[in-house]
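Remarks on the overall topology
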Amino acid sequence: MSIILGADVGGTKTLVQLWEVVGSDWHLLRSQKYASREFADLTALLQDFLSQGSVWPQRACLGIPGPVIDQTAQVTNLGWRVSAQELQETLRIPCVTLLNDFAAVAYGSLVLPPSDIVVLQDRPRRSQAPIALLGAGTGLGEALMLWQGDRYRVLPIEGGHTDFPPRNELEIGLLRYLWQRYERVSVERVVSGPGLVNIYEYLKHIEFAPEAADVQAAMASGDTAAVISRFGMAGDPLCAQALNMFVAAYGAEAGNLALKSLPLGGILIAGGIAAKILPKMTDGTFLTHFLDKGRFRPLMEQLFVAVITNPEVGLLGTIHLAAQGS
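So, here is what we can say about the structure in this document. Residue positions are given per chain, counted from 1 along the sequence in the order it is written. Local features in this predicted model are restricted to residues of pLDDT 70 or higher, and side-chain atom pairs are both shown and tallied only at a pLDDT of 80 or more, whereas totals for entire chains, interfaces and linings draw on every residue. Water and hydrogen atoms were dropped before computing side-chain values, which therefore reflect all heavy atoms in the structure.

As for helix α2 (residues 84-91)
Within the sequence span of α2, burial applies to A84, L87, Q88 and L91. Each buried residue of α2 lies within a common arc of 100 degrees when the element is viewed along its axis, so the set occupies one face. Close packing links the buried residues of α2 with α1 (42-50), β4 (59-64), β7 (80-83) and β8 (95-100). Going along the chain from the N terminus, every DSSP run of H or I of four or more residues is numbered as a helix, and every run of E of two or more is numbered as a strand. After α2 finishes, the residue R92 shows a positive phi value of roughly 60 degrees. The cut-offs for exposure are 20% and 50% of the maximum accessible area for each residue type, with area from a 1.4 Å probe on protein chains only; residues under the lower value are buried, those over the upper are exposed, and the others partly exposed. Note that the arc is computed from the directions linking the helix axis to the C-beta atoms. In this analysis, two residues are considered to be in contact whenever any of their non-hydrogen atoms come within 4.5 Å of each other.

Below, the structure is given as structure tokens:
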């Protein structure tokens, strides 16, 4: 029997779970969601969680937003410094592992049931071949999974911070617009929640269509990117064009990642946005721009492509990695 702890740490919220694992039997002991900013550091948050029960974990795996180097990480948007060694000593957990939060998503994707994915392009997935993931949310995460020995290992990459490549006149205009705001324009400035807002502001700037009064009112009291998505799927002209450009750029970047990694094991779309705009992700826009790679279109047509809809896939990844003792 093993008691394991998994956590998906975020700038806004942190989800923690404690599980009992006996062979192939899993039993959830406790689950809690925290507002991250209410705690001085991750140690204090986990101390609060563990103090509410008498069962103590032997292993813990924590997904951290940002690069993990030598089992330490800096959570920039929270000001937290996280060290696996210090957590082990302070919390009296024999084994603590830190990993990048998108790497946690990648590990979680390996244990998802078929009901947690929506297939965009159904093709055979080659066993033990590379798998690629990307996911837009607050930022744009990317990762590769490579078969090593007897299992997949995750290679976290920072592909979301590569240069944004415009592909048509409207995107060239977007790039010029963003150059006025940022010293450098990465893919993440377009393919992310803030990126969707950037696209909307650009289209408003060039007067592509008038801004609707109800959209403006909704933005005053809500998440701007979510408002654009909602009204875009409802047919508002300005929001719909912004959403279309966003999904087109998303598909193009997925295609770029596929060309660089040849993921014959499939390419998976995660992140907080895709599942929320599923009608748009499945209307052909994403796949059209994913496939639009000229002479390499036949290769792109061979790849399995799917959207992950489980919002807790990152937490799932930390738990399963902890259970493996990795």
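From this point on, the discussion continues.
So, the pairing of strand β2 (residues 13-22)
Remember that side chains alternate between the two faces of the sheet whenever the strand is regular. Of all 10 residues making up β2, 7 are buried, and the element is well covered by its neighbours. Two strands make a pair as long as DSSP finds a minimum of two bridges between them. Pairing of strand β1 (residues 2-9) with β2, which is carried by 8 bridges, proceeds in the antiparallel orientation. Counted as the bridge partner of I3 is E20 from β2. Taking the residues that link successive antiparallel strands as the turn, the β1-β2 hairpin has 3 residues. With 10 bridges connecting them, β2 and strand β3 (residues 25-35) associate as antiparallel partners. Within the sheet, the bridge partner assigned to K13 lies in β3 and is A35. Linking β2 back to β3 in an antiparallel pair, the connection comprises 2 residues, with G23 at a positive phi of about 60 degrees.

A word on the sheet that holds β4
With respect to topology, 5 strands assemble into an open sheet ordered β3-β2-β1-β4-β8, the strand pairing being mixed. Both outer strands of the open sheet, β3 and β8, are each paired with one neighbouring strand and no more. Put simply, the sheet's adjacent strands are angled 15 degrees from each other on average, direction ignored. Comment: axis = line fitted to C-alpha atoms, over the contacting stretch for helices; angle = value between 0 and 180 degrees taken between N-to-C directions. Lying over the sheet, α1 contacts β1, β2, β3 and β4, oriented at roughly 130 degrees with respect to β3.

Side note on the nonpolar core
Buried residues of nine kinds, namely Ala, Val, Leu, Ile, Met, Phe, Trp, Tyr and Cys, make up a nonpolar core once their side-chain atoms join them within 4.5 Å. Counting residues in each nonpolar core, the largest one holds 57 residues, and the members touching the most others are F246, Y250, F286 and F290. In this view, F246 contacts A136, V190, V191, S192, L196, I199, I273 and I277; residues no more than four positions away in its chain are not counted. Membership of the second largest hydrophobic core comes to 29 residues, among which are V105, L112, A143 and F304.

Comments concerning unusual backbone geometry
Not every positive phi belongs to a glycine, and Q71 is a case in point at roughly 60 degrees. Summarising the element assignment, Q71 is placed in the loop between β5 (68-69) and β6 (72-75). Of note in the backbone geometry, Q128 takes a positive phi value of approximately 65 degrees without being a glycine. Among the secondary structure elements, Q128 is positioned in the loop between β9 (117-121) and β10 (131-136).

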